[in-house]
Amino acid sequence: MSAPVTEDLLIVGAGGFARETAQAVRDVAAADVARGRAPRWRLAGHLDDDPALHGREVDGVPVPGGCELVHELPAARVVVCVGSPRDYAVRARLVRRLGLPVDRYATVVHPTAAVSGSSAAGPGSVLLAHCVLTAGVRVGSHVAVMPQVVLTHEDEVGDFATLASGVRLGGGVRVGRGAYVGAGALVREYAGIGAWSLTGMGSTVLGDVPAGEVWAGSPARLLRPAGAAALAELAREAGGPVGALRGPAGDAPVPAGAPAHGTEDGTGPSGRRSETRMESPVV
């Protein structure tokens with residue numbers, strides 16, 4: 001049996017979530033060494049599209065350049081660690097833009113996470129400290145599972161979803177693709193959280209949250225349609241324009257290309273989107 005080989009790992013992004021992931025990678029390496037085996041990863045750097053960061057360090061980790069450097073370092077594994085409540089669709093856009101094969105993506109699981117033998121997480125996903133996957137839990141690809149999240153029996157979490165710190169899902173919950181569940185939210189067993197929806201921090205979800213909507217409160221109630229970036233992803237997957245999607249019952253269609261109800265869409269004053277300069281998804 002061959003000895004494990006230490007692989008280089010690139011973290012796309014240099015914001016809060018990326019920094020937390022870098023620390024998790026350090027902790028994984030330390031745990032490997034403590035067990036007398038080679039670290040599975042060596043932090044090769046953050047890649048970020050902000051030129052002001054190039055050639056600098058973030059928490060001691062170098063930022064050699066922008067995201068496209070992943071193509072110049074084909075032996076390195078990759079995790080994409082961007083996103084915030086203002087634009088939680090950015091991770092999906094960036095993964096699409098990079099166009100990497102699935103086997104380039106690492107799955108980072110903090111050594112204090114409790115992942116049962118009947119549970120699994122997909123490529124590109126990050127499970128941070130003290131999260132728990134109890135039994136038969138399925139976490140998709142490029143999912144952010146923040147500290148202290150508890151996923152109970154038979155939960156399913158779709159690709160590109162974000163579960164912020166302290167989220168608790170009852171058994172049999174289905175979290176749709178790209179959904180964002182805010183910090184401390186509680187979701188009742190067998191509820192469904194729709195694709196590209198956003199559930200506010202501290203919410204108590206007693207029923208289904210439809211796709212492409214923002215819900216918050218205790219019990220959670222509809223606030224408004226999701227932001228333009230999330231609705232664009234929902235429309236893309238449905239094969240239609242954003243303008244074809246309707247908001248809550250009785251509302252007019254959401255205009256194509258327009259931010260929904262003033263929700264920030266992640267663009268700067270110039271209108272150009274910086275895919276990697278997002279804050280931590282913990283809210």
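Conventions adopted
Residues numbered from 1 in each chain as written. Predicted model: local features only at pLDDT ≥ 70, side-chain atom pairs only at ≥ 80, totals over all residues. Heavy atoms only, no water. Pairing = 2+ DSSP bridges. Helix = DSSP H or I, 4+ residues; strand = E, 2+ residues; numbered from the N terminus. Axes fitted to C-alpha atoms, helices over the stretch in contact; angles between N-to-C directions. Polar contact = N/O pair within 3.5 Å; in protein donor to acceptor, adjacent residues only side chain to side chain. Contact = heavy atoms within 4.5 Å. Parallel < 35°, antiparallel > 145°, perpendicular 65-115°, else oblique. Nonpolar A, V, L, I, M, F, W, Y, C, P; charged D, E, K, R; others polar.

**Q** Sorry if this is basic, but what is going on with the sheet that holds strand β5 (residues 77-80) here?
**A** The strands that make up a sheet are held in pairs by hydrogen bonds between backbone atoms, and each pair lies either parallel or antiparallel. Taken in spatial order, the three strands of this open sheet run β2-β1-β5, and their pairing is parallel. Two strands lie at the open edges of the sheet, namely β2 (41-47) and β5, each paired on one side alone. Geometrically, the sheet is characterised by an average inter-axis angle of 25 degrees between neighbouring strands, direction not taken into account. Relative to β2, strand β1 (residues 7-12) is paired through six bridges, and the arrangement is parallel. Looking across to β2, one finds that Glu7 is bridged to Trp41.

**Q** Where do I start with the side chain of Asp155 in this structure?
**A** Tracing the backbone shows Asp155 in the loop between β13 (150-151) and β14 (156-157). Reaching out from Asp155, the side chain makes a polar contact with the backbone nitrogen of Gly172 at a distance of 3.2 Å. Leave out the neighbours within four places in its chain, and Asp155 touches Gly136, Val137, Arg138, Leu169, Gly170, Gly171, Gly172, Val173 and Arg174.

**Q** Would you mind going over the packing of helix α2 (residues 90-98) against helix α3 (residues 228-238) with me for this structure?
**A** How two helices pack is summed up by the angle between their axes together with the distance between the axes. The interhelical angle for the contact between α2 and α3, taken along N-to-C directions, is 55 degrees, at an axis separation of 9 Å. In terms of axis orientation, α2 runs oblique to α3. On α3, the residues touching Ala92, Arg93 and Arg96 of α2 are Ala229, Glu233 and Arg236. Partitioning the contact of α2 with α3 into residue classes produces two nonpolar, no polar and four charged.

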